[in-house]
Amino acid sequence: MVSKTRVFLIMLLLLVVAIGAIILLVKLDAGAFWIRTVPLAVLGFGAVIAQSMGWFQKKAKKTE
């Protein structure tokens, strides 16, 4: 089961990192290609890695 709260928080964190990457690339005078591509890659690969590590899954409750 997917936890909507975890998805929101992790994607919010990835968005902050992507915005930071945009700011860094603008300050470094990177080309338009990089300014468009790097933030999308951060969001895409970050979400894939988070999903594969199970960060979006709800923890199962222990029943005794």
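Residues numbered from 1 in each chain as written. Predicted model: local features only at pLDDT ≥ 70, side-chain atom pairs only at ≥ 80, totals over all residues. Heavy atoms only, no water.

Caption draft 1: Representation of the overall build of the protein chain in the model. The number of helices and strands found in the protein chain is 2 helices and 0 strands. Against the globule reference of 11 Å for 64 residues, the protein chain gives a C-alpha radius of gyration of 16 Å, more extended than a compact globule. In terms of its C-alpha atoms, the protein chain occupies a principal-axis envelope of roughly 60 × 15 × 15 Å. The buried share among the 64 residues of the protein chain stands at 17%. (Helix = DSSP H or I, 4+ residues; strand = E, 2+ residues; numbered from the N terminus. Rg over C-alpha atoms; globule rule 2.2 N^0.38 Å. Buried < 20%, exposed > 50% of the residue type's maximum accessible area, 1.4 Å probe, protein only.)

Caption draft 2: Structural view of the environment of Trp55. Inspection of the secondary structure puts Trp55 in the segment after helix H2 (32-52). According to the relative accessible area criterion, Trp55 is partly exposed, its value standing at 44%.

Caption draft 3: Inspection of a nonpolar patch on the surface at higher detail. Among the surface-exposed residues, Phe8, Leu9, Leu12, Leu15, Val16, Ile19 and Ile23 lie close enough to one another that they form a single nonpolar patch of about 660 Å² accessible area. Tracing the chain through its elements places Leu12 in helix H1 (residues 4-27). (Patch = residues over 30% accessible without salt bridge, like charges linked within 9 Å, V, L, I, M, F, W, Y side chains within 5 Å. Areas by Shrake-Rupley, 256 points an atom, 1.4 Å probe, with all protein chains shown as cover. Salt bridge = Lys/Arg side-chain N within 4 Å of Asp/Glu carboxyl O.)

Caption draft 4: Representation of unusual backbone geometry in the model. Unlike most non-glycine residues, Asp29 shows phi in positive territory, near 55°. Along the chain, the position of Asp29 falls in the loop between H1 and H2. Residue class for Asp29 comes out exposed when judged on its relative accessible area of 69%.

Caption draft 5: Structural view of H2. In a regular helix each residue adds 1.5 Å, so 21 residues correspond to 30 Å; H2 covers 31 Å between its end C-alpha atoms and thus fits that length. For H2, the set of buried residues is Pro39, Gly46, Ala47 and Ala50. The buried side chains of H2 occupy one side of the element, clustering within an arc of 100° when seen end-on. Projecting away from the buried face of H2 at angles above 90 degrees are the exposed residues Ala32, Leu40, Phe45, Val48 and Ser52. Where the residues of H2 are buried, they touch H1. Following H2 by one or two positions, Gly54 has its phi on the positive side, about 80°. (Expected span 1.5 Å × (residues − 1). Arc of directions from axis to C-beta. Contact = heavy atoms within 4.5 Å.)

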